[in-house]
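Reading the structure
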Amino acid sequence: MKRLGPVLLFITIVVLMIYKLQIPLSQQVNSSNSNTNHLIVAHRGASGYAPEHTIASYELGEKVNGSYIEIDLQMTKDGHLVAMHDETVDRTTNGTGFVKDITLDEIKKLDAGSWFNDMYPEYANEAFKELEVPTLEEIFQTFGNDANYYIETKSPIKYRNMEEKLLELLDIYQLTSHNDDTNHVIIQSFSSESLEKIHELNPNIPLVQLLAYTGKASISDKQLAAIKKYAIGIAPNFPSINQAYVEKARKSGLDIHPYTINDKEEMENALLWGVTGVFTNDPELFQNVLNTYNRMENVAGKE
Ligand code: G3P
Ligand code: CA
């Protein structure tokens, strides 16, 4: 008899999960998340379809209205900020070595696209072979100050004055002067020190604290309050979080943009849990999911 309780609980949970999965998104939406301007963050550009962190990838990502171009930053030997995820050029170019040991001239000679053609033949394109590693400055020159940028300071401890250089470029290209309501530029980092430094240098730039969990995520009120002192939001890895985590973050007043979601059902779940944006390699897919969600939310709001 004693064992009946847990068994019944287990059966109830399974039945509820099956029931939830069978209800289409349209019928699960309620109006509690209304007025949220969800962010579509094109992770390393539309990196599911073009070589990450190249102008081609950003162009594809930017085709999705209102989306943010996500840029990871590394710094060359001669102090130029370039778009690259890894500290070395090995994975995403035909070169080898650490970015910090290579000059901009040298990095510019590398082919930043052929690896993608080899790895993803279904999306291969001859034009990708010509692609270069872009500097942050070239990205700003290409997309201008109407575009939205979601920029990450990577390995800031290894790069002296990375934050100052970033802020200087944002200033030169007038990217933060009109940031008031629209948040054209968001800066993210796993390093709270880097974000706190930026916050001190310019408290008007919205910042997002990246979080990487192994296993199930949890966050205390104290941690949320500490982050809220300098950031407007958090960005945890999606597989580790659940609805309770999202609700707790939202309740604290922080935005939450999980990374990296490329699956339609996971995008739907994230929206239903209350996230305020999503990092994705497939921004067009998320836009479609979001459009459906917003339509249903409007209907729910009118009922
Ligand atoms: O910046 C969000 C997400 O991109 C963090 O992971 O490793 O892809 O930069 P990573
Ligand atoms: Ca990133």
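Preceding this section is the structure that the text describes.
The sections below set out a description of the structure shown in this document. Remember, it's a predicted structure, so these values are computed and weren't measured experimentally.

1. As for helix α6 (residues 136-143)
- Taken residue by residue, α6 has Leu136, Ile139, Phe140 and Phe143 as its buried positions. Summarising the axial view, the buried residues of α6 lie within an arc of 95 degrees, below the 170-degree limit, and thus occupy one face.
- In this structure, the buried residues of α6 make contact with α3 (55-62), β2 (68-75), β3 (81-83), β4 (148-153) and α7 (162-172).
- In the stretch just after α6, Gly144 is the one whose phi turns positive, near 75 degrees.

2. Brief notes about the coordination of the calcium ion (ligand 2)
- The calcium ion (ligand 2) binds to the protein through Glu70 (OE), Asp72 (OD) and Glu152 (OE); the donor distances cover 2.2 to 2.3 Å.
- Bound by six donor atoms, the calcium ion (ligand 2) shows angles of 57 to 160 degrees at the metal and therefore irregular coordination geometry.

3. A few points about unusual backbone geometry
- That bond from Tyr259 to Thr260 is cis: its omega, -20 degrees, falls within 30 degrees of zero.
- Along the polypeptide, Thr260 turns up in the loop between β8 (255-256) and α11 (264-273).
- Of note in this structure, His53 is not a glycine but carries a positive phi near 55 degrees.
- Here His53 is to be found in the loop between β1 (39-42) and α3.
- Overall, His53 belongs to the buried group, its relative accessible area being 3%.
- Located in the positive-phi region is Gln174, a residue other than glycine, with phi close to 50 degrees.
- Along the chain, Gln174 turns up in the loop between α7 and β5 (185-189).
- Its relative accessible area of 49% is what places Gln174 among the partly exposed residues.

4. Quick look at the site of ligand 1
- In the vicinity of ligand 1, the contacting residues are His43, Arg44, Glu70, Asp72, His85, Glu152, Lys154, Gln188, Phe190, Leu210, Tyr259 and Phe279.
- Within the side chain of His43, an N or O atom sits 2.8 Å from an oxygen atom of ligand 1.
- His85 has a polar side-chain atom sitting 2.6 Å from an oxygen atom of ligand 1.
- For ligand 1, whose accessible area on its own is 280 Å², the fraction buried by protein is 90%.

5. Observations regarding the pattern of salt bridges
- Applying the stated criterion across every chain, the model contains 13 salt bridges.
- For Arg91, the salt bridge identified is with Asp86, shortest N-O distance 2.8 Å.
- Under the relative-accessibility criterion, Arg91 is labelled partly exposed at 36%.
- You can call Asp86 buried: its relative accessible area is 17%.
- The shortest N-O distance in the salt bridge between Glu268 and Lys264 comes to 3.3 Å. Of this pair, Glu268 and Lys264 both sit in helix α11, four residues apart, roughly one helical turn.
- By relative accessible area, Lys264 is classed as partly exposed at 46%.

6. Looking at the side chain of Asp86
- Along the chain, Asp86 turns up in the loop between β3 and α4 (104-108).
- Side chain to side chain, Asp86 and His85 meet in a polar contact 2.6 Å long.
- In this structure Asp86 touches Gln74, Arg91 and Val99, once residues within four positions along its chain are discounted.

7. Quick word on the nonpolar core
- Counting 67 residues, the largest nonpolar core has Ile71, Tyr149, Ile151, Leu170, Ile187 and Ile234 as the members making the most contacts within it.
- When residues no more than four places from it in sequence are discounted, the contact partners of Tyr149 are Tyr68, Ile69, Ile71, Ile139, Phe140, Phe143, Gly144, Leu175, His184, Val185 and Ile186.
- By size, the runner-up hydrophobic cluster in this structure holds 10 residues, among which are Leu39, Tyr150, Ile186 and Tyr259.

8. Comments concerning the packing of α7 against helix α8 (residues 192-201)
- Running from N to C, α7 and α8 point in directions that differ by 45 degrees, and their axes come no closer than 10 Å. On the basis of their axis angle, the class for α7 and α8 is oblique. Here α7 runs over α8; the crossing is right-handed. Within the contact between the two elements, α7 uses Glu163, Glu164 and Leu167 and α8 uses Ser194, Lys197, Ile198 and Leu201.
- Of the residues in the contact of α7 with α8, the class split is three nonpolar, one polar and three charged.

Conventions used here
Residues numbered from 1 in each chain as written. Chains lettered and ligands numbered in written order. Predicted model: local features only at pLDDT ≥ 70, side-chain atom pairs only at ≥ 80, totals over all residues. Heavy atoms only, no water. Buried < 20%, exposed > 50% of the residue type's maximum accessible area, 1.4 Å probe, protein only. Helix = DSSP H or I, 4+ residues; strand = E, 2+ residues; numbered from the N terminus. Arc of directions from axis to C-beta. Contact = heavy atoms within 4.5 Å. Donors = N, O, S within 2.8 Å, 3.2 Å for Na, K, Ca; no water. Tetrahedral: all angles 85-135°; square planar, octahedral: opposite > 155°, others 65-115°. Near = heavy atom within 4 Å. Polar contact = N/O pair within 3.5 Å; in protein donor to acceptor, adjacent residues only side chain to side chain. Areas by Shrake-Rupley, 256 points an atom, 1.4 Å probe, with all protein chains shown as cover. Salt bridge = Lys/Arg side-chain N within 4 Å of Asp/Glu carboxyl O. Core = buried A, V, L, I, M, F, W, Y, C linked by side-chain atoms within 4.5 Å. Axes fitted to C-alpha atoms, helices over the stretch in contact; angles between N-to-C directions. Parallel < 35°, antiparallel > 145°, perpendicular 65-115°, else oblique. Left-handed = near helix turned anticlockwise from the far one by under 90°. Nonpolar A, V, L, I, M, F, W, Y, C, P; charged D, E, K, R; others polar.

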